[in-house]
Amino acid sequence: MTRRLAEVAKKVGVSEATVSRVLNGKPGVSEPTRQAVLSALDVLGYERPTQLRGERARLVGLVLPELQNPIFPAFAEVIGGALAQLGLTPVLCTQTKGGVSEADYVTLLLQQQVSGVVFAGGLYAQADAPHDHYRLLAERNIPVVLVNAAIDHLGFPAVSCDDAVAVEQAWRHLASLGHERIGLVLGPADHMPSARKLAAARAIAADLPDEFVARAIFSIEGGHAAASRLIDRGVTGIICASDPLALGAVRAARRKGLDVPSQISVVGYDDSAFMNCTEPPLTTVRQPIEAMGRAAVELLNSQVGGTAVPAEELLFEPELVVRGSTAQAPRG
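As recorded by an unreviewed UniProt entry, the protein chain carries the name LacI family DNA-binding transcriptional regulator and is attributed to Streptomyces prunicolor.

Okay, here's the thing in structure tokens:
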């Protein structure tokens, strides 16, 4: 029992006496602290005292499309940590190929009577995907926050990195190095962040040829295939919609016997983990993950507390991080 008190107290950052008061139903403990203690019991795998078992843990679904791209575990770490500080317990729901779908996860979360759901990437970003499960959450008045660009009319608040600014930063960087034949490796045509990136590129370069825009699935292999097509069309600078796509572009150049960056320059997007350890270190546009994750949790917590939050999008400024995958355009 003493060990359990100490573990819970350490997890929450309170005294063992405070934990004891919560477990014994004694007064003198604030509601947020009481909820944080109960959540810590759940997270650490301890059973709640009998008199408290009827009280549901304050669970929040954290739905991610995948874990292979390092940006999603990074978001999960920030969002999960911020939720735990508020006494909310994150329930990680990750989609796998042929596994549980996003809609299935929403059904499971509703059965668990979650306090809210944060989606960090998912079908809300794809115009042609099914969206009925989002409408179900709205009908049930479940607090929801979306991370990054979503289709219109879903009616949820969102926290996004500004895709247009990201492309402007990357494009101007390559142009300043003398690149004139700049191409884009983007996600599918119905992918909203990719659509915003393409619109921004066309605003900068109205004469951007369609053949300089290549679509790909979000993976290293997808980036390799798409960038290979662009290189064959004479592109010298490639802007990618994610870091894995950019790593695929670097690989495509090398397979063709071309050097990165002296012959082909590549810019990624996200600045996910280990991009400074690649060879060459990847020039990329950084999403402010910490600020975005914390803002998403604040918006969700306001809704959980009964405050009306407008269904607006908060746009966060990205930052160009110049490393070793970009250089002066080749002459001739």
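Draft legend 1. How the structure looks around the pattern of salt bridges. Counted under the stated rule, the structure contains 11 salt bridges. Taking the shortest distance from any N to any O, the salt bridge between glutamate 7 and arginine 3 comes out at 3.6 Å. Residue glutamate 7 and its partner arginine 3 are located together in helix 1 (residues 2–12), separated by four residues, close to a single helical turn. Its relative accessible area of 63% is what places arginine 3 among the exposed residues. Measuring nitrogen to oxygen at the nearest pair gives 2.8 Å for the salt bridge that ties aspartate 210 to arginine 202.

Draft legend 2. Main features of helix 6 (residues 132–139). Regarding helix 6, the residues found buried are His133, Tyr134 and Leu137. Seen end-on, helix 6 carries its buried residues on one side only, within an arc spanning 105°. In this structure, helix 6 carries Asp132 and Glu139 as exposed residues pointing more than 90 degrees from its buried face. After helix 6 finishes, the residue asparagine 141 shows a positive phi value of roughly 60°.

Draft legend 3. Quick peek at the side chain of histidine 133. Relative to the elements of secondary structure, histidine 133 occurs in helix 6. Relative accessible area serves as the criterion here: at 6%, histidine 133 is assigned to the buried category.

Draft legend 4. Local environment of the layout of surface pockets. Of the volumes computed, that of the largest pocket is approximately 1200 Å³. Elements with a minimum of two residues in the lining of the largest pocket: helix 4 (71–85), helix 8 (192–204), helix 9 (220–232), helix 10 (243–255) and strand 9 (265–270). When its residues are assigned to classes, the lining of the largest pocket shows 23 nonpolar, 14 polar and seven charged. Computed from the structure, the second largest pocket encloses a volume of approximately 210 Å³. Contributing elements (two or more residues each) for the lining of the second largest pocket: helix 1, helix 3 (31–44), helix 4 and strand 2 (89–94).

Draft legend 5. Expanded view of the pairing of strand 9. Among the six residues in strand 9, six count as buried, and that is most of the element. As defined by bridge partners, strand 8 (residues 237–240) adjoins strand 9 across three bridges and the pair is classed as parallel. Paired with isoleucine 238 across the strands is valine 266, a residue of strand 9. Following the chain from strand 8 across helix 10 to the adjacent parallel strand 9, one finds a crossover that is right-handed. One ladder, built from four bridges, connects strand 9 with strand 10 (residues 283–286); its direction is parallel. Within the sheet, the bridge partner assigned to glycine 268 lies in strand 10 and is threonine 284.

Draft legend 6. The packing of helix 5 (residues 102–111) against helix 6, seen in detail. Look at helix 5 against helix 6: their axes get within 9 Å of each other, and the N-to-C directions meet at 20°. In terms of axis orientation, helix 5 runs roughly parallel to helix 6. Once helix 5 is placed against helix 6, the crossing between them reads as left-handed. Contacts between helix 5 and helix 6 involve Glu102, Ala103, Val106 and Leu110 from the first element and His133, Tyr134, Leu136 and Leu137 from the second. Partitioning the contact of helix 5 with helix 6 into residue classes produces six nonpolar, one polar and one charged.

Draft legend 7. Representation of empty space enclosed by the protein. Applying the stated rule across the entire model yields one cavity of 30 Å³ or more. A volume near 40 Å³ is recorded for the largest cavity. Lining the largest cavity are Ala166, Val167, Ala170, Lys197, Ile239, Cys240, Gly268, Tyr269 and Val285. Among the elements of the structure, helix 7 (163–176), strand 8 and strand 9 are those that each provide at least two residues to the lining of the largest cavity. The element that contributes the greatest number of residues to the lining of the largest cavity is helix 7, accounting for three residues. Among the residues making up the lining of the largest cavity, the classes are represented as seven nonpolar, one polar and one charged.

Draft legend 8. Layout of the sheet that holds strand 1 (residues 59–64). An order of 2-1-3-4-5-11 is seen for the six strands of this open sheet, with the pairing classed as parallel. Here the strands that pair on one side only, and so sit at the sheet edges, are strand 2 and strand 11 (313–316). Neighbour to neighbour, the strand axes of the sheet diverge by 15° on average, direction disregarded. Bridge analysis of strand 1 against strand 2 gives six bridges, and the strand direction is parallel. Following the sheet pairing, glycine 61 is matched in strand 2 by valine 91. Where helix 4 meets the sheet, its contacts fall on strand 1, strand 2, strand 3 (116–120) and strand 4 (144–147), and the angle it forms with strand 1 comes to roughly 170°.

How each quantity is defined
- Residues numbered from 1 in each chain as written.
- Predicted model: local features only at pLDDT ≥ 70, side-chain atom pairs only at ≥ 80, totals over all residues.
- Heavy atoms only, no water.
- Salt bridge = Lys/Arg side-chain N within 4 Å of Asp/Glu carboxyl O.
- Helix = DSSP H or I, 4+ residues; strand = E, 2+ residues; numbered from the N terminus.
- Buried < 20%, exposed > 50% of the residue type's maximum accessible area, 1.4 Å probe, protein only.
- Arc of directions from axis to C-beta.
- 1 Å grid on protein atoms, 1.4 Å probe; cavity = no way out; pocket = protein on both sides within 12 Å on 5 of 7 lines; lining within 4 Å.
- Points joined across faces, edges and corners; volume = space filled by probe spheres on them.
- Nonpolar A, V, L, I, M, F, W, Y, C, P; charged D, E, K, R; others polar.
- Pairing = 2+ DSSP bridges.
- Right-handed = clockwise from strand over helix to strand, strands pointing away.
- Axes fitted to C-alpha atoms, helices over the stretch in contact; angles between N-to-C directions.
- Parallel < 35°, antiparallel > 145°, perpendicular 65-115°, else oblique.
- Left-handed = near helix turned anticlockwise from the far one by under 90°.
- Contact = heavy atoms within 4.5 Å.

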